[in-house]
Amino acid sequence: MQLHAHAQEELDATMRALTLGIQAVSEGWIAGLEYDPHDGLPNLIRDPDLDGAAWAKLLDALVPAWDRGLPALLAELLGVRASTGACQDAYQTPTMMHR
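Residues numbered from 1 in each chain as written. Predicted model: local features only at pLDDT ≥ 70, side-chain atom pairs only at ≥ 80, totals over all residues. Heavy atoms only, no water.

1. A short note on the overall build of the chain
Moving on, step 1. For the chain, the helix and strand inventory stands at 3 helices and 4 strands.
Moving on, step 2. The order of α-helices and β-strands along the chain, N terminus first, is α-β-β-α-α-β-β.
Moving on, step 3. Looking at the chain as a whole, 34% of its 99 residues qualify as buried.
Moving on, step 4. Taking the intrachain contacts of the chain between residues at least 6 apart in sequence as the baseline, contacts between residues at least 24 apart amount to 65%.
Moving on, step 5. Accessible surface, the chain as shown: approximately 6000 Å² in total, 56% of it carbon and sulfur. (Helix = DSSP H or I, 4+ residues; strand = E, 2+ residues; numbered from the N terminus. Buried < 20%, exposed > 50% of the residue type's maximum accessible area, 1.4 Å probe, protein only. Contact = heavy atoms within 4.5 Å. Areas by Shrake-Rupley, 256 points an atom, 1.4 Å probe, with all protein chains shown as cover.)

Here's what the structure looks like:
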């Protein structure tokens, strides 16, 4: 069934993104997570040693899991409960903002 195959593809993409998010925290590519005080959206903070192109590629790869619990998972991994701060030098996709 084509519908089943599509659902499986979405699930696979989500699982890959979740796995990559865990790896990114473990490797230090994601240095932190904070919540924007104005809109409450989570902002990922990159390792300063990670170049912009690699960061953009990582963020794009995380998109499939962003609305499926990835920020909460990353917050747990990073030990973040709630922090504030304005986003600067933001790279944005429709539902996520990052430094």
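What follows continues from the structure just given.
2. A word on helix α2 (residues 52-66)
Structurally, the α-helix is built with 3.6 residues per turn, so residues lying three or four positions apart point the same way.
Moving on, step 1. Helix length check: α2, at 15 residues, gives a terminal C-alpha distance of 20 Å against a target of 21 Å (1.5 Å per residue), a fit within 8%.
Moving on, step 2. Here α2 has its buried residues at W55, L58, L59, L62, A65 and W66.
Moving on, step 3. The residue sitting at the N-terminus of α2 and contributing the capping side-chain oxygen is D51; that oxygen lies 3.0 Å from the backbone nitrogen of A53. (Expected span 1.5 Å × (residues − 1). Polar contact = N/O pair within 3.5 Å; in protein donor to acceptor, adjacent residues only side chain to side chain.)

3. Thoughts on the pattern of salt bridges
Should the charged atoms of two oppositely charged side chains come close, the side chains can pair.
Moving on, step 1. Under the criterion given, the structure shown has 1 salt bridge.
Moving on, step 2. A salt bridge links R68 to E10; its shortest N-O distance comes to 3.5 Å. You can see R68 sitting in the loop between α2 and α3 (70-78) and its partner E10 sitting in helix α1 (residues 2-27), a full 58 residues away along the chain.
Moving on, step 3. Residue classification places E10 among the partly exposed residues on the basis of a relative accessible area of 35%. (Salt bridge = Lys/Arg side-chain N within 4 Å of Asp/Glu carboxyl O.)

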